[in-house]
Amino acid sequence: MSGSTINASHQLSCAPNRAARELGLKRSEFDLAVHLGHIWTVPDEGGGGRRVTRSEIDRLRTEDGFPDTLRERVRVVGTSECAAVMDVPVSRFTRLARLGAVAPVRFYLNRYRAVVWLYLAEELRQFAADEENATLLNARRTPEGMRDLLDAGLDLRARNWRGRHREFLLRVADGPWESAGALAAFLDPVQISEIVPDPYERSHLIRFRPGPPAQGAQGSPAAYLAERIMTADDPDEISRLRADLTRTLEDARRLRPAPRPAAKQTTPVPEQRATACEQPFAAVPEQPSRGLLGWLRRKSA
């Protein structure tokens, strides 16, 4: 693609930082809005990441209540504020979150390396306003079946976060290998090796496999914990991911096979034929010596 085409494309779109400023959002709010599909992005034709078109910015700026309505759609709250939004005790909200009634959209690790889950305030209000959820919110005790699950250690918060994050990665994937990488992001290396035994395909797939959201320096305890949260650990979830990855890889192989080293071309060596001049010398039989010296040799023999 010519440089003039790329320049024209850049004039019609904004980098994320510029787009966030024009929309009145913090960068973290902007990223979450993209994550949730509230802001659509396009690939940078110059290879510099994703961008936001001017038409998309104009669309958002003309919405009623801008920018407050957009900012409210991405407002996240922690456990204590979640309980206040839903008007329930903190302990009850935690139980509902563990049961999967509400799904977190983000997490971070505090200074004690404990996971802090964040939720959308807008979704919590909608959940609390739904009459079908009145029993869960107002009953004196958690229903017996749910209580048994909690006693058995059920906690769906990480799995629900992975589900939301997977939707985002698949939404911004630009091709079959990118989609395969998004699915592989939630499987451990052993699972990937079983599904993709070919080393060249596996290396190509890993190029498109995003890591977890940054949570400290690579190799740090925080980064290790983030990797654990990113990796599926439920058998049903793993089975579904394996099936989806296998199916997506079939499409990727058909449309754009993984690159592999070119086969080495060996030039056949022509058969060597000796010419008359090149014939090896035959052994010359030793001639008997003549004269006295020859007589003495024969005598001694």
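Residues numbered from 1 in each chain as written. Predicted model: local features only at pLDDT ≥ 70, side-chain atom pairs only at ≥ 80, totals over all residues. Heavy atoms only, no water.

**Student:** What exactly am I supposed to notice about the overall build of the protein chain here?
**Tutor:** Looking only at helices and strands, the protein chain features 17 helices and 6 strands. Classification of the 301 residues of the protein chain by burial places 34% in the buried group. Across the protein chain, the fraction of contacts at a sequence separation of at least 24, relative to all contacts at a separation of at least 6, is 68%. On the protein chain, roughly 19100 Å² of surface is accessible, and the fraction owed to carbon and sulfur atoms is 52%. (Helix = DSSP H or I, 4+ residues; strand = E, 2+ residues; numbered from the N terminus. Buried < 20%, exposed > 50% of the residue type's maximum accessible area, 1.4 Å probe, protein only. Contact = heavy atoms within 4.5 Å. Areas by Shrake-Rupley, 256 points an atom, 1.4 Å probe, with all protein chains shown as cover.)

**Student:** Just checking my understanding: could you explain the nonpolar core for this structure?
**Tutor:** Within soluble globular proteins, side chains that are nonpolar tend to cluster in buried spots. In this structure, Phe-30, Ile-39 and Phe-93 are the most contacted members of the largest nonpolar core, which totals 60 residues. Not counting residues within four places of it along the chain, the set of residues in contact with Phe-30 comprises Pro-16, Ala-19, Ala-20, Leu-23, Leu-25, Ile-39 and Val-52. (Core = buried A, V, L, I, M, F, W, Y, C linked by side-chain atoms within 4.5 Å.)

**Student:** It is not clear to me how the sheet that holds strand S5 (residues 106-109) should be interpreted in this structure. Could you clarify?
**Tutor:** Strand pairing in a sheet relies on backbone hydrogen bonds, with the paired strands running either antiparallel or parallel. One open sheet holds the 3 strands; their spatial order is S4-S6-S5, and the pairing between them is antiparallel. Each of the sheet's edge strands pairs with one partner strand only, and the pair in question is strand S4 (76-77) and S5. Strand direction decides the pairing type here: S4 and strand S6 (residues 115-120), joined by 2 bridges, are antiparallel. Directly across from Val-76, in S6, lies its bridge partner Leu-120. Strand contacts of helix H3 (residues 27-36): S4, S5 and S6, with the helix running at about 140 degrees to S5, the strand carrying the most contacts. (Pairing = 2+ DSSP bridges. Axes fitted to C-alpha atoms, helices over the stretch in contact; angles between N-to-C directions.)

**Student:** Would you mind going over helix H7 (residues 90-98) with me for this structure?
**Tutor:** Owing to its 3.6 residues per turn, the α-helix aligns residues three or four sequence positions apart on the same side. Residues of H7 that are buried include every one of Arg-92, Phe-93, Leu-96 and Ala-97, and no others. Viewed along the axis of H7, the buried residues span an arc of 135 degrees, placing them on a single side of the element. Against helix H6 (79-86), S6, helix H8 (121-129), helix H9 (134-138) and helix H11 (157-171) lie the buried residues of H7. Downstream of H7 by one or two residues, Gly-100 has phi in the positive range, about 90 degrees. (Arc of directions from axis to C-beta.)

**Student:** Would you mind showing me how to read the pattern of salt bridges here?
**Tutor:** For the structure shown, the criterion picks out 22 salt bridges. Arg-59 is the partner of Glu-63 in a salt bridge, and the nearest nitrogen-oxygen pair spans 3.3 Å. Overall, the relative accessible area of 37% leaves Arg-59 in the partly exposed class. With a closest N to O distance of 2.7 Å, Arg-157 and Asp-155 form a salt bridge. Owing to a relative accessible area of 18%, Arg-157 belongs among the buried residues under this scheme. For Asp-155, a relative accessible area of 35% puts it in the partly exposed group. Members of the salt-bridge network, linked through shared partners, are Glu-56, Arg-59, Glu-63 and Arg-73. (Salt bridge = Lys/Arg side-chain N within 4 Å of Asp/Glu carboxyl O.)

**Student:** I tried to follow empty space enclosed by the protein on my own but got confused; where do I start?
**Tutor:** Here the idea is plain: a probe the size of a water molecule rolls over the atoms and shows the empty space left. Tallied over the entire structure, the rule returns 1 cavity of 30 Å³ or more. For the largest cavity, the calculated volume is near 50 Å³. Taken together, Arg-92, Arg-95, Leu-96, Leu-99, Leu-136, Thr-142, Pro-143 and Met-146 make up the full set of residues lining the largest cavity. The greatest single-element share of the lining of the largest cavity, amounting to 3 residues, is contributed by H7. Among the residues making up the lining of the largest cavity, the classes are represented as 5 nonpolar, 1 polar and 2 charged. (1 Å grid on protein atoms, 1.4 Å probe; cavity = no way out; pocket = protein on both sides within 12 Å on 5 of 7 lines; lining within 4 Å. Points joined across faces, edges and corners; volume = space filled by probe spheres on them. Nonpolar A, V, L, I, M, F, W, Y, C, P; charged D, E, K, R; others polar.)

**Student:** Sorry if this is basic, but what is going on with the pairing of S6 here?
**Tutor:** Consecutive side chains of a regular strand alternate in pointing toward one face of the sheet and then the other. Where burial is concerned, most of S6 is hidden: 5 out of the 6 residues are buried. Summarising the sheet, S5 and S6 pair through 4 bridges and their orientation is antiparallel. For Leu-109, the partnering residue across the bridge sits in S6 and is Val-115. Where S5 hands over to S6, the hairpin turn is made up of 5 residues, of which Arg-113 adopts a positive phi near 60 degrees.

**Student:** Looking at this structure, I do not really get the packing of H11 against helix H16 (residues 235-255). What am I missing?
**Tutor:** Describing two packed helices takes the angle between their axes plus the distance from one axis to the other. It is the contact of H11 with H16, at a shortest axis distance of 12 Å, that shows an interaxial angle of 20 degrees. It follows that H11 is roughly parallel to H16 by the angle criterion. The element H11 and its partner H16 pack so that their crossing is left-handed. Contact residues: H11 offers Arg-159, Arg-162 and Arg-166, while H16 offers Asp-236, Glu-237, Arg-240 and Leu-241. Residue classes in the contact of H11 with H16 are distributed as 1 nonpolar, no polar and 6 charged. (Parallel < 35°, antiparallel > 145°, perpendicular 65-115°, else oblique. Left-handed = near helix turned anticlockwise from the far one by under 90°.)

**Student:** How do you make sense of the side chain of Gln-191 when you look at a structure like this?
**Tutor:** Mapped onto the elements, Gln-191 comes out in helix H13 (residues 189-195). Aside from chain neighbours lying at most four places away, what touches Gln-191 is Ile-238 and Arg-242.

**Student:** So what exactly am I meant to see when it comes to the side chain of Glu-237 here?
**Tutor:** Here Glu-237 lies in helix H16. Judged by its relative accessible area of 3%, Glu-237 falls in the buried class. With sequence-adjacent residues up to four places away left out, Glu-237 is seen in contact with Arg-159, Arg-162, Arg-166 and Ala-232.

Fair warning: the whole summary comes from geometry, so function is off the table for now.
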